[in-house]
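# Residue-level structural notes
Here is what each chain is made of, one letter per residue.
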Amino acid sequence: MPKSLGKIRPHLTQDEQLLFEMSSPGKKGYQLPELDVPAVDAAAALGAGNVRAGIEDFPEVSEVEVIRHFTRLSTWNYGIDLGLFPLGSCTMKYNPRINEAVARTEGLAWAHPYQPEELSQGAMEIAAVLEQHLGEIFGMDAVTLQPAAGAHGEYTGIMLVRAYLAAQGNPRKKVLVPDSAHGTNPATASIAGYEVETLKSNEQGMVDPAVLAAAVNEDVAALMVTNPNTVGVFEENIVQIAGILHEKGAQIYMDGANLNALVGLARPGDFGVDVLHSNLHKTFSTPHGGGGPGAGAVGVKKHLEPFLPVPRLKRIGEMWSWDYDRPQSIGRVRAFYGNFGVLVRALAYMQAHGGPGLKNATIDALLNANYIRARLEEHYQIAYNAKSMHECVFSDERQEKQGVRTGDIAKRLIDYGFHPYTVSFPMIVHGALMIEPTETEPKQELDAFCDAMIAIAKEIEANPELVKTAPHMTRTSRVDEVTAARKPRVRWTR
Amino acid sequence: MLDACGLNSLEDLYNHLPEAALLDRPLEIPAGLSEFEIADYFKQQGARNANGYASFLGAGVYSHYRPVLCDVVVSRGEFLTSYTPYQAEFAQGTLTSIFEFQTMLCQLTGMEVANASMYDGSTAVPEAAMMSSRINGRHRFLAARNLHPEYREVLATAARNAQMQVEEFGYDAKTGRIDMDSLVAKLDGTVSCVIVQSPNFFGVIEDLEAVAAEAKKHGALLVAVFTEAVSLGLLEPPKAADIVVGELQSFAISPSYGGPFAGVMATKEKYMRQIPGRLVGETKDHDGNRAFCLTLSTREQHIRREKATSNICTNQALIALMATVFMSVYGKQGLRELAEQNLAKAHYLADGLERPFSGPFFNEFVATPKGGTPEAANAGLLKKKIIGGLPLGRWYPELKGSMLLCATEMNQRADLDAVKEALR
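Residues numbered from 1 in each chain as written. Chains lettered and ligands numbered in written order. Predicted model: local features only at pLDDT ≥ 70, side-chain atom pairs only at ≥ 80, totals over all residues.

## What about the overall build of chain A?
We count it as follows: Helix and strand assignments come from DSSP, with helices taken as H or I runs of at least 4 residues and strands as E runs of at least 2, each series counted from the N terminus. The globule rule is 2.2 Å times the number of residues to the power 0.38, and the radius of gyration it is compared with is taken over C-alpha atoms.
The helix and strand tally for chain A stands at 17 helices and 13 strands. A compact globule built from 494 residues should have a C-alpha radius of gyration of about 23 Å, and chain A, at 25 Å, falls within 12% of that. On the principal axes, the C-alpha backbone points of chain A span a range of 75 × 70 × 45 Å.

Put into structure tokens, the structure is as follows:
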């Protein structure tokens, strides 16, 4: 193994057993206070049949073993704190630590959702201010913070469309989804009870107004469109697209996964969108945490407002109150009021930037993506010539001639110390490399990334095998995912 | 950078957008604040909430001590700022911890497969119903009336939009357990699953084996729900269930005004391919070392699109990690001792109070204040900086004179005594 590659030098990490393997009877890492009430005999109080024997094979480890275990595991991971994380559509921007600090404020972190409203005014105020800011950013009349994640926001949005159309007399049958869409879009439409019809994108990777017009009829409830779309291009016909749908009484739903390209520049509500969701863990910097928690705020135009999930915030005099009396509401989509701790972080992010700062962040995101595109275009085939917004999408068609695919390039990129871009998505691009740097990357990091990508392109010319068998520098070499799926082993057993 | 892009100005980055789409004014959001000002703002808002109160609220959100290590681990940037572990070679930390999480959830629930977590307990319920429907092709669901009311509302919302028919069955007014006759009367060969919470919303422990036996007679599945995970340290696991869903908030996740939490979804091995959400599996790397990766992803939306088992594309990884650290710190002995302390506190509190239900309870129970309403009793307690129980009339008109009380290891004897006095 070479001692260095680009900016990478290997460092020591340790093997680590699973908790169950390091466990031994009697070891413990906790200390409870002395019980200040009489002990209760569980079998007598609950009936012997309701009381379990010990939890078989549950860990028994000491405190120092716990901290070492998880610290060692953490060193096998990669995160934004370690470097560029250019996953397209995922918006892996820096997660400011002030957000973490304020979410742990005593009166917020320990607020019980059923404590009296007069003792919850601070939490309710935070939610109200966030709803207002998001409404302003979206160009929408009302916002719900209840959905727990992006896909959950989509689901909420499509249920709103259904409830609105049903109130008009006909919920309709179909939802149109472009072939470039995230997989969650068709999955959402399907679990919300709609048939999915796929729309073929045009040669620019955009929704084709003619194809759309031919598909829209009285059976169509909505189009689910991502804008900028998944090839990182602004749907230039969006106003016309909205017109085509509205003319036939259909709604336009926007997947706000790529809202980071628009904040302060353009507002979905102004270009015709009826309902959208925004992933607060993308655009508004709350941490991804290895796959959640997120939050999926949904914004709507006035005509959809009566259908929003209960409860809604209501101002009564000087006080905030929860309003449950919403007869047209679709109902609850989640217990309580949403992922409040995530909402706190998103508001802190908005406050740090302020209105002008949010717009500057958007422009920086566009500049960083276009800079990467400009530097890599000579070495990789850009998927579409249309102007890139916050991300750029290449195809592996040049590298494929050497037998190297996008997935291989991604693994080699790990050797250079970068998390891979999004691999093989969108599906309309042959072997896609979808790259989104976000605004928080300094030029030095962008250059190091581009240098690595260019070095890999050259390696593919000289020695494709090197790339096809990557990664070589990591403690874990290429993982056998096929066997994992063929003989699933999803828990530890003795 | 603009030169490298062949652009003259920053406006060139976006002036190709249609004019009708461009915002022609600044956002109406105040100018940026310093870190100090942001911290101060949230401190002020926090101060407007309850501070320094003892609380006896449970009902799906519980106050338990959070071992310091939980925050220490989840604050590590390698966990906090990583993504869903698609690139296994670069995410073994997250993947290994999820594998441990899945294993511990199996050990706790008596199931054979647990996924990497769900959004929360409430949203896991309709996911379980849809899973049951995929298993037996039926679309009628029976939910207990003593299932958490907000969980029932979430299920009802989902049902309205899908091909799902949800019916509720009652509870026994004496025991607080489900009314078996009411269930049996509705059970037939069209029922996909029966959904029962234990301990239920009233805190009463259900006889899940009896429910499973009745369901089985008609080929229906049993979905067992829990909201208080600490109970699993002491209570017999819901082994009779086909699918177990629940809420992990009790495992070191702060109440945080209702979220973010983490849901659980566990089942038997034979139903593994019908489970929604992320699953981590064990495998080897090219050099033969043990390694972990996301697996069975052909169930999922990014591959199957409209034919996926669910539209879910995340779990609650960081929250699940917090719970994993919690389970590691307490371990086999500690979780039991913690549960025993909860049992002792709640039973001490209940002793001498008027309780409408006779069924066995863990750390929550329903009590009826003598000579006054729950609201009046709570108002008196608030003056002593105690938040009392949850009045039940909002969801159960027949119980409008009663409240749901919860006691955990966090409640001290003096406060327990104050509540007893206020209710007697």
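After presenting the structure, the write-up continues.
## A word on the overall build of chain B
Stated formally: To sort residues by exposure, count the other C-beta atoms lying within 10 Å of each residue's C-beta; 20 or more gives buried, 12 or fewer gives exposed, and values between give partly exposed, all with C-beta atoms placed from the backbone. By the convention adopted here, residues make contact when the C-beta atoms placed from their backbones lie within 7 Å.
Across its full length, chain B holds 13 helices and 14 strands. A compact globule built from 424 residues would reach a C-alpha radius of gyration of about 22 Å, and chain B, at 24 Å, matches this within 12%. Along the first, second and third principal axes, the C-alpha set of chain B runs to 80 × 55 × 50 Å. Within chain B, the fraction of its 424 residues that count as buried is 63%. Excluding contacts between residues fewer than 6 apart, the proportion of contacts in chain B whose partners are at least 24 apart in sequence is 71%.

## Thoughts on the sheet that holds strand β8 (residues 263–267) of chain B
Residue and element names in this part refer to chain B. Cut-off, in case you're wondering: Strands qualify as paired when DSSP identifies two bridges or more between them. A fitted line through C-alpha atoms serves as each axis, taken over the contacting stretch for helices, and the angle formed by two N-to-C directions is quoted from 0 to 180°.
With mixed pairing, 7 strands are arranged side by side in an open sheet as β2-β8-β7-β6-β5-β3-β4. Each edge of the open sheet is held by one strand with a lone partner, namely β2 (113–114) and β4 (165–169). Across 4 bridges, the pairing between strand β6 (residues 221–226) and strand β7 (residues 243–247) is parallel. The residue of β7 that forms the bridge with Ala224 is Val244. Against the sheet, helix α6 (residues 121–136) engages β3 (140–144), β5 (191–197), β6, β7 and β8, with an angle of about 170 degrees to β7. Each of β5 and β6 touches helix α9 (residues 208–217); the most contacted strand, β6, lies at about 155 degrees to it.

## Topic: the interface of chain A and chain B
Cut-off, in case you're wondering: Residues are grouped as follows: Ala, Val, Leu, Ile, Met, Phe, Trp, Tyr, Cys and Pro are nonpolar; Asp, Glu, Lys and Arg are charged; every other residue, Gly included, is polar.
Between chain A and chain B, the residue contacts involve 165 residues of the former and 153 residues of the latter. Top element by residues in the side of chain A that touches chain B is helix α12 (residues 340–376) of chain A. It accounts for 22 residues. Of the residues belonging to the side of chain A that touches chain B, the class tally is 90 nonpolar, 46 polar and 29 charged.

## With respect to the domain arrangement of chain A
All names here are of chain A. Spelled out, the test is: Domain delimitation in this document rests on an assignment produced automatically or drawn from a domain database.
Segmenting chain A into domains produces domain 1 (19–76), domain 2 (98–351) and domain 3 (362–482). With centres defined by C-alpha atoms, the gap from domain 2 to domain 3 works out at 31 Å. Contacts between the two partners involve 18 residues from domain 2, matched on the other side by 18 residues from domain 3. Here the side of domain 2 that touches domain 3 is composed, by residue class, of 8 nonpolar, 9 polar and 1 charged.

## Description of unusual backbone geometry
Residues and elements named next belong to chain B. Here the bond from Ser198 into Pro199 is cis, since omega is -10 degrees, no more than 30 degrees from zero. Position of Pro199 among the secondary structure elements: in the loop between β5 and α9. Backbone torsion omega between Gly259 and Pro260 reads 0 degrees, so that peptide bond is classified as cis. With phi around 45 degrees, Ser256 is a residue other than glycine that occupies positive phi space. Along the polypeptide, Ser256 turns up in the loop between β7 and β8. The backbone phi angle of Lys385 is positive, close to 60 degrees, even though this residue is not glycine. The topology assignment puts Lys385 in the loop between α12 (374–382) and β12 (386–387).

## A look at the environment of Trp395 of chain B
Tracing the chain through its elements places Trp395 of chain B in the loop between β13 (390–391) and β14 (403–406). Through-space distance from the C-alpha of Trp395 of chain B to that of Ala114 of chain B is 32 Å; in sequence the pair is 281 residues apart.

## Points about the sheet that holds strand β11 (residues 364–367) of chain B
Backbone hydrogen bonds hold the strands of a sheet together, and the pairing may be parallel or antiparallel. Residues and elements named next belong to chain B. Taken in spatial order, the 3 strands make up an open sheet running β11-β14-β13, and their pairing is antiparallel. The sheet terminates laterally at β11 and β13, the two strands that pair on one side only. With 4 bridges joining them, β11 and β14 adopt antiparallel strand pairing. In the strand pairing of β14, Glu364 is matched with Cys406.

## Topic: the domain arrangement of chain B
Residues and elements named next belong to chain B. Here chain B is partitioned into domain 1 (54–66 + 332–423) and domain 2 (69–325). A straight line from the C-alpha centre of domain 1 to that of domain 2 covers 27 Å. Listed per partner, the contact involves 25 residues of domain 1 and 27 residues of domain 2. Partitioning the side of domain 1 that touches domain 2 into residue classes produces 14 nonpolar, 7 polar and 4 charged.

## Observations regarding the pairing of strand β13 (residues 432–435) of chain A
Residues and elements named next belong to chain A. Every second residue of β13 is oriented toward a common face, with Ala432 and Met434 on one face and Leu433 and Ile435 on the other, all of them buried. Judged from the 2 bridges that link them, strand β12 (residues 422–423) and β13 form a sheet pairing that is antiparallel. Across the sheet, the residue bridging to Thr422 is Met434, located in β13.

## Concerning the confidence of the model for chain B
So the rule is basically this: pLDDT is a residue-level measure of predictor confidence that goes from 0 to 100.
When pLDDT is averaged along chain B, the result is 96; 100% of the residues meet or exceed 70. This prediction of the complex comes with two scores: 0.97 for pTM and 0.97 for ipTM.

## Observations regarding helix α15 (residues 443–462) of chain A
Residues and elements named next belong to chain A. Basically, it comes down to this: In a helix, the anticipated span is given by 1.5 Å times the number of residues less one. Taken from the helix axis, the directions to the C-beta atoms give the arc we talk about.
Over its 20 residues, α15 runs 28 Å from end to end, which matches the ideal 28 Å to within 8%, given 1.5 Å per residue. Those residues of α15 that fall on the buried side of the exposure criterion are Leu446, Phe449, Cys450, Ala452, Met453, Ile456 and Ile460. The buried residues of α15 all sit within an arc of 155 degrees when viewed along its axis, so they share a single face. Away from its buried face by more than 90 degrees, α15 exposes Lys443, Gln444, Lys458 and Ala462. For α15, the elements touching its buried residues are α12, α13 (397–400), α14 (406–415) and α16 (464–468).

## Focus on the pairing of β6 of chain B
Counting buried positions over the 6 residues of β6 of chain B gives 6, a clear majority of the element. The alternating pattern of β6 of chain B places Leu221, Val223 and Val225 of chain B on one face and Leu222, Ala224 and Phe226 of chain B on the opposite face, and all of these are buried.

## Overview of the environment of Ala124 of chain B
All names here are of chain B. Note that Ala124 resides in helix α6. The exposure class assigned to Ala124 is buried, which follows from the 30 C-beta atoms found within 10 Å. In sequence terms Ala124 and His64 are 60 residues apart; their C-alpha atoms lie 22 Å from each other. Apart from residues no more than four positions distant in its own chain, Ala124 is found in contact with Met118, Val245, Gly263, Val264 and Met265.

## Remarks on the environment of Glu481 of chain A
Relative to the elements of secondary structure, Glu481 of chain A occurs in helix α17 (residues 481–486). If sequence neighbours within four positions are ignored, Glu481 of chain A has contacts with Thr283 and Cys293 of chain B.

## A few points about the nonpolar core
Residue and element names in this part refer to chain B. Put simply, the test is: What makes a nonpolar core is a set of buried Ala, Val, Leu, Ile, Met, Phe, Trp, Tyr and Cys residues, with links drawn between C-beta atoms within 7 Å.
The biggest cluster of nonpolar side chains holds 305 residues, and the ones touching the most others in it are Val194, Ile195, Leu222 and Val223. With 21 residues, helix α11 (residues 317–350) is the largest single contributor of residues to this core. Apart from the residues within four sequence positions on either side, Ile195 is in contact with Val125, Ala129, Phe141, Leu142, Ala143, Ala144, Leu147, Val223 and Val225.

## Thoughts on helix α3 (residues 63–74) of chain A
Here α3 of chain A is 12 residues long and its end C-alpha atoms lie 17 Å apart, about the 16 Å a rise of 1.5 Å per residue gives. All of the buried residues in α3 of chain A are Val66, His69, Phe70, Leu73 and Ser74 of chain A. Seen end-on, α3 of chain A carries its buried residues on one side only, within an arc spanning 130 degrees. Of the surrounding elements, those touching the buried residues of α3 of chain A are α1 (19–22) of chain A together with α3 (68–74), α4 (77–80), α5 (92–109) and α11 of chain B.

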